[in-house]
Amino acid sequence: GSANLWTRDTKEIRFDLDNIAAAAGQIGCSLLVRPHPSQGRSLHEAWLKTAPPHVALAADVPLYPLLRSVDAVVTYASTVSLETVLMQRPLVQLRYFPEDNCVPLAEWQMAWQVTRPEHLARVLREALTDDADWQRILERSRQLMPDGRAAPKVADLVEKLAFSA
């Protein structure tokens, strides 16, 4: 696999889709897949033809209504991961490569972290069922992100974390 999320190839993306779909199936969840806008739909539409029946494509659903309606989000470091935390939704962050640390929300105790694909089902189940852990994550998010609009929250968070290291 590639440590650079921005240059992942079709094989790596399909591996992730297969792994996330399998994890959701193992714990009895439905999976909505929303492609990154830069990826287009064709790869995901082709993959969906062989995907399990508990998977659906949400390519045309606006992000914020989608985030409000799901039980959890699984993603790499991305703007969606920040938006998920800002909207107070459970986030499972895929961190398969140590050098992928551009937005380490799990290290900041604001998300669950998966460092190996075979751990995803267990961690996803925890994100969906461990209320005590979820309350701890919410409290940490509130501590690091003040009330208000998203841009100042993110800027404040970056400043706090950058200068506390």
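Note that the structure is predicted; figures quoted are calculated from it, not measured. (Residues numbered from 1 in each chain as written. Predicted model: local features only at pLDDT ≥ 70, side-chain atom pairs only at ≥ 80, totals over all residues. Heavy atoms only, no water.)

### Some details on the overall build of the chain
Part 1: When helices and strands are tallied, the chain shows seven helices and five strands.
Part 2: Mapped from its N terminus to its C terminus, the chain presents α and β elements in the order α-β-α-β-α-β-α-β-β-α-α-α.
Part 3: Buried residues in the chain amount to 42% of all 165 residues.
Part 4: By sequence separation, contacts in the chain at least 24 residues apart represent 49% of the contacts at least 6 residues apart. (Helix = DSSP H or I, 4+ residues; strand = E, 2+ residues; numbered from the N terminus. Buried < 20%, exposed > 50% of the residue type's maximum accessible area, 1.4 Å probe, protein only. Contact = heavy atoms within 4.5 Å.)

### Quick notes on the environment of Val92
Part 1: Mapped onto the secondary structure, Val92 falls in strand 4 (residues 91-94).
Part 2: The exposure class assigned to Val92 is buried, which follows from its relative accessible area of 0%.
Part 3: With residues up to four places along the chain from it excluded, the contact list for Val92 reads Val73, Val74, Thr75, Trp112, Val114, Leu120, Val123, Leu124 and Ala127.

### Side note on the packing of helix 1 (residues 10-26) against helix 5 (residues 120-129)
Part 1: Relative to each other, helix 1 and helix 5 sit at 55°, their axes nearing to 8 Å. One finds that helix 1 runs oblique with respect to helix 5. Between helix 1 and helix 5 lies a crossing of right-handed hand. Here helix 1 contributes Asn19, Ile20, Ala23, Ala24 and Gln26 to the contact with helix 5, which in turn contributes Leu120, Ala121, Leu124 and Arg125.
Part 2: Tallied by class, the residues present in the contact of helix 1 with helix 5 amount to six nonpolar, two polar and one charged. (Axes fitted to C-alpha atoms, helices over the stretch in contact; angles between N-to-C directions. Parallel < 35°, antiparallel > 145°, perpendicular 65-115°, else oblique. Left-handed = near helix turned anticlockwise from the far one by under 90°. Nonpolar A, V, L, I, M, F, W, Y, C, P; charged D, E, K, R; others polar.)

### Focus: helix 6 (residues 131-144)
Part 1: Helix length check: helix 6, at 14 residues, gives a terminal C-alpha distance of 20 Å against a target of 20 Å (1.5 Å per residue), a fit within 8%.
Part 2: All of the buried residues along helix 6 are Asp133, Trp134, Ile137, Leu138, Ser141 and Leu144. What you see down the axis of helix 6 is that its buried residues fit within an arc of 140°, all on one side. Turned more than 90 degrees off the buried face of helix 6, the exposed positions are Asp131 and Ala132. (Expected span 1.5 Å × (residues − 1). Arc of directions from axis to C-beta.)

### Overview of unusual backbone geometry
Part 1: Positive phi, close to 55°, is recorded for Gln88, a residue that is not glycine.
Part 2: Looking at the element boundaries, Gln88 is found in the loop between helix 4 (79-86) and strand 4.
Part 3: The exposure class assigned to Gln88 is partly exposed, which follows from its relative accessible area of 39%.
Part 4: Its identity is not glycine, yet Gln109 carries a phi of approximately 60°, on the positive side.

### Remarks on the confidence of the model for the chain
Part 1: Of all residues in the chain, 85% have pLDDT values of 70 or greater, and the mean over the chain is 85.
Part 2: Per-element confidence in the chain ranges from a low mean pLDDT of 68 for helix 7 (residues 150-164) to a high of 96 for helix 5.
Part 3: The low-confidence segment residues 1-5 (pLDDT under 50) makes ten contacts with residues lying over four places distant or belonging to another chain. (pLDDT = per-residue confidence, 0-100.)

### Here's the deal with the packing of aromatic side chains
Part 1: Summed over all chains, the structure comprises two aromatic pairs.
Part 2: A centroid spacing of 6.0 Å and a plane angle of 90° characterise the contact between Tyr76 and Tyr96, whose relative ring orientation is edge-to-face. Here Tyr76 is found in the loop between strand 3 (73-75) and helix 4, whereas its partner Tyr96 is found in the loop between strand 4 and strand 5 (112-114), with 20 residues between them in sequence.
Part 3: Residue Tyr76 is classed as buried on the basis of its relative accessible area of 10%.
Part 4: Since its relative accessible area comes to 14%, Tyr96 is described here as buried. (Phe/Tyr/Trp six-rings, centres within 6.5 Å; stacked < 30°, edge-to-face > 60°.)

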